[in-house]
Amino acid sequence: MAFQNSGVKLEKFESLSDEALHALADRMGLGIPPDLERVFVVEEILVALEEDSDERRSGGVASLRIEETKFSSSDPVDMDFGRDGPPAISPSTCDTFIRVLVRDPSWAFAFWEISDTERASIASADGRLSLFLRVSETTDGEKADAKRDFFDIPISEDDSQWYLNLPRPKSRYRIELCSRIDGRVRMLAKSRDLAVPRQLLDSLSSKLETDAAELLRLSGLESLDIEPVSDDNPQRIIKAGLTGE
Amino acid sequence: MEPGYLALVLNAHLPFVRQPEYPHFLEEKWLFEALSETYLPLLRLFRRLEAEEIPFRLTINLSPTLCSMLGDAVLGERYLGYLDGQLALARREVERVGSDPAFGPLARLYGELYLSDRDDFAVLYERDILAAFDYFYKKGKLELITSAATHSFLPIYRDSREAVSAQIETALVAHRRAFGKHPSGFWLPHLGWYPGIEEVLHAYNIQYSIVATRGGLLGDPIPKAGSFAPVQCPNGLTIFIRDAAATEAVWSEDSGYPGDPLYRDFYRDIGFDLPLDYVGPYMDAGSTRIFSGFKYWAVTGKTADKKPYDRKAALARADEHAASFLADRLAMAKDAALCMDRPPLMVAPYDAELFGHWWFEGPAWIEALFRRAAREPGLKLITLGEYCRAYPENQVSVPEFSSWGDGGYAEVWIDGANDWIYRHAFKSVDRMIELSERFPDESGLRERILNQAAREVLLAMGSDWALLLRAGKSASFARRQVEDAVTNFNKIYEMLSSNTVGTEWITKLEKRNNLFPEINYRMFRKKR
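Analysis parameters
Residues numbered from 1 in each chain as written. Chains lettered and ligands numbered in written order. Predicted model: local features only at pLDDT ≥ 70, side-chain atom pairs only at ≥ 80, totals over all residues. Heavy atoms only, no water. Helix = DSSP H or I, 4+ residues; strand = E, 2+ residues; numbered from the N terminus. Expected span 1.5 Å × (residues − 1). Buried < 20%, exposed > 50% of the residue type's maximum accessible area, 1.4 Å probe, protein only. Pairing = 2+ DSSP bridges. pLDDT = per-residue confidence, 0-100. Contact = heavy atoms within 4.5 Å. Phe/Tyr/Trp six-rings, centres within 6.5 Å; stacked < 30°, edge-to-face > 60°. Lys NZ or Arg CZ within 6 Å of the ring centre and 35° of its normal. Salt bridge = Lys/Arg side-chain N within 4 Å of Asp/Glu carboxyl O. Axes fitted to C-alpha atoms, helices over the stretch in contact; angles between N-to-C directions. Parallel < 35°, antiparallel > 145°, perpendicular 65-115°, else oblique. Left-handed = near helix turned anticlockwise from the far one by under 90°. Nonpolar A, V, L, I, M, F, W, Y, C, P; charged D, E, K, R; others polar.

Draft legend 1. Broad picture of helix 6 (residues 161–179) of chain B. The terminal C-alpha atoms of helix 6 of chain B, which comprises 19 residues, lie 27 Å apart, in line with the 27 Å expected from a rise of 1.5 Å per residue. With its phi angle positive at about 70 degrees, Gly180 of chain B sits one or two positions after the end of helix 6 of chain B.

Draft legend 2. Expanded view of the pairing of strand 2 (residues 107–113) of chain A. Residues and elements named next belong to chain A. The buried fraction of strand 2 amounts to six of the seven residues, a majority that puts the element mostly inside the structure. Pairing analysis gives six bridges linking strand 1 (residues 97–102) to strand 2, with the strands arranged antiparallel. Residue Val100 lies in a different strand from strand 2, and its bridge partner there is Ala110. Count of turn residues in the strand 1/strand 2 antiparallel hairpin: four residues. Here strand 2 pairs with strand 5 (residues 161–165) via five bridges, running antiparallel. Each residue of the ladder has a partner; that of Phe109, found in strand 5, is Tyr163.

Draft legend 3. The arrangement of the confidence of the model for chain A in detail. All names here are of chain A. Here chain A averages 75 in pLDDT, while 62% of its residues score no lower than 70. Mean pLDDT per element in chain A: helix 1 (residues 10–14) is the minimum at 58, and strand 1 is the maximum at 97. Scored below 50 in pLDDT, residues 1–9 shows 33 contacts in the model against residues more than four places distant or in partner chains. In this model residues 53–63 is a low-confidence stretch, pLDDT under 50, and it forms 26 contacts with partners more than four residues away in sequence or in other chains.

Draft legend 4. Inspection of the environment of Ala48 of chain A at higher detail. All names here are of chain A. Tracing the sequence through the fold places Ala48 in helix 3 (residues 38–58). With a relative accessible area of 16%, Ala48 lands in the buried category. It is 9.3 Å that separates the C-alpha atoms of Ala48 and Ala25, two residues lying 23 residues apart in sequence.

Draft legend 5. A look at the packing of aromatic side chains. All names here are of chain B. Scanning the entire structure with this criterion turns up 48 aromatic pairs over all chains. Relative to Phe294, the ring of Tyr110 has its centre 5.1 Å away and its plane inclined at 55 degrees; by these criteria the two rings are tilted. Residue Tyr110 is located in helix 4 (residues 104–124), and its partner Phe294 is located in the loop between helix 11 (276–279) and helix 12 (311–337); the two are separated by 184 residues in the primary sequence. A relative accessible area of 1% means that Tyr110 is categorised as buried. Phe294 gets classed as buried once you look at its relative accessible area, which sits at 0%. A ring pair is formed by Tyr257 and Phe325, whose centres lie 6.4 Å apart and whose planes are at 70 degrees; its orientation type is edge-to-face. A residue pair is termed long-range when its members are at least 10 positions apart, and Tyr257 in the loop between helix 9 (244–251) and helix 10 (270–273) and Phe325 in helix 12 qualify at 68 residues. Using a relative accessible area of 9% as the deciding quantity, one classes Tyr257 as buried. Through successive ring pairs, a cluster of aromatic residues spans Phe103, Tyr110, Tyr114, Phe294, Tyr296, Trp297, Tyr309 and Phe360. Positioned above the aromatic ring of Phe266, the side-chain terminus of Lys295 is 4.4 Å from the ring centre. Here the guanidinium or amino end of Arg479 rests over the ring plane of Trp420, the centre of that ring lying 5.3 Å away.

Draft legend 6. Region of the structure containing the pattern of salt bridges. Residues and elements named next belong to chain B. Under the criterion given, the structure shown has 42 salt bridges over all chains. The residue Asp260 makes a salt bridge to Arg317 at a minimum N-O spacing of 2.8 Å. In this pair, Asp260 sits in the loop between helix 9 and helix 10 while Arg317 sits in helix 12, placing the two residues 57 residues apart along the sequence. A relative accessible area of 12% places Asp260 in the buried class. Residue Arg317 is classed as partly exposed on the basis of its relative accessible area of 21%. The partner of Glu510 in a salt bridge is Arg448, with the nearest N and O atoms 2.7 Å apart. With Glu510 in helix 19 (residues 503–512) and Arg448 in helix 16 (residues 444–460), this residue pair connects regions lying 62 residues apart in the sequence. Accessibility expressed as a relative area gives 19% for Glu510, which makes it buried.

Draft legend 7. Region of interest: the packing of helix 1 (residues 28–51) of chain B against helix 13 (residues 362–375) of chain B. Residues and elements named next belong to chain B. Put simply, helix 1 and helix 13 touch, their axes get as near as 10 Å, and they point 25 degrees apart. Classified by the angle their axes make, helix 1 and helix 13 are roughly parallel. Note that helix 1 runs across helix 13; the crossing there is right-handed. Taking contact as the criterion, the partners of Glu37, Pro41, Leu42, Leu45, Arg48 and Leu49 in helix 1 are, on helix 13, Pro363, Ile366, Glu367, Phe370 and Arg371. Residues belonging to the contact of helix 1 with helix 13 are distributed by class as follows: seven nonpolar, no polar and four charged.

Here's what the structure looks like:
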């Protein structure tokens, strides 16, 4: 998670309730103990924001800042503290569904709802739900019942969204929202197939004709950091270039 | 044969921020500032070039929401009020610093700028800026293109063909209404491309679009001319690829031209530097400090100890930068030409508001670029449509999912600060599809209601709200825009479901969110 926060004022955090502060820290993934004193929670948030801001400055986010300048009349710092209040738009619980949005070659954002009726039908005797997300790799034109590689991510009954790490760029995945009742798996909803984008050029590019290789070089191939690398770490995070790409 | 082509492309866009129920609304100033510092100065430079018979070519996206606001009578009236306020502040500033040899000329410069804006807007163009752009469009100097209706980041909605189609169809109708022509090109907001969108664009008879360098080079198969020639999707849609070096020369905050020490510093502004009781009466922002537009200092360097802005020296530097930009592009073209069987093309797309609003000397740089390109042998300026006509055949390749945002994909728009939007936006989209299927042939009041529902869905899909939420700028405003659009839509949905109609409420909403008067809710019907 990233925030643009240069100049965030201490007072803005001090005006928040304890619950709102902890919720903000949770959203930032800080893992702060629930009984931590308020002053330390604020300090942790400020440090994390400053680190994030430094990272964004050094990470070449000039494009984002420039795009923002057209909105410059306003208060330069106006974070969305309202998020910690009750949601102004209540999510519907009429349907059971899952939807997944591809963010980049490594991550996708999933969100879902489970209808009240569905929840009642999958609850165990003590009223608890056992839920998980099943991430399956698929191929084009595959039959729905084809055997596939998959892994499961346990989720709690209060969760309604998740950032999924996708193991392989340039692949296709399907995400299923599942429950386990008495050892049996029941699929509640499934996403459409996701096409995960390429992160790097195929090794094929090394076989390009000289002219094509030179034109790719002149096009800025090196600064984009999309050439194949010798190590086999597919989760390498792309460095953001100064061009905003 | 030309040594090479340069296609300058500007994306002029602002989100729909019209708030007629308030006498003054802070976010409406985004429009007033862009008019004063970007759009009107650009039109002035076009007029000067035309008067001197200096040829120029520019491709410009005027986004549908921007066109809605530029054609709006309420905002036009308010803009004149804004200019009167700026002129009053300029007079006060001349009184305050008029005798100062460094700051006096600058205070007068701002007075002249706002006076020119007022004369142009009220007298010359009679408040019709779109007609002013259209004049140069018709003369072939500008090629006007359009973009998604509410600047939606389309890769997010790739699973909903109806939502993507609605964004495109509404934009095309709005463009035809404003300019009487079907646009050849389509600006993908934030250059957000995904494989498959070519089918939708082609279905609407779009001839070309532009992608980020990353997406183009990662295309399948790899484009053999790199970014120096467009590619063509199998269905014939031409895709231009952003030139990385031309982008960085202008766009980079650290090494780009706008960071030159001689240029005007954007951040030092009397709205923050002078006592609130002095500037406050001109800001209409209560006790909030905001940018006033009156800035007296040069970038100088990474120091708080800024030097006074020297306009003459800055304009000379803009001319030097224009010369340098052309020389660098020409050198690149010569290198690339050695490997190509046609003149290389460099496509340089930027946000229009960068020029003048953020980079004060930007319009002068563009003007110098056109003047130099006209008198010096070398690169030929071209619009993207002209290039398509000159080179209709290109390598077949489909770009990869990409954008010009931070990281190169969708990181900016799917982030912990804004991801909550999509649950609601998709729900609205799904329900809108359902409504258009349930009521395919309505007329009268019910059709008006359905059309307003479609407007609210499109507003909820705007990418600017996600950008602002992530940036922490006007975030509470952005949040409210999404909440209001979704809440309005939900209310309409409930009204239609229960067969009760709040005529007064819907009429009020139509007057408030009055964009896209020719919208047709049926565009949300399922594609069969």
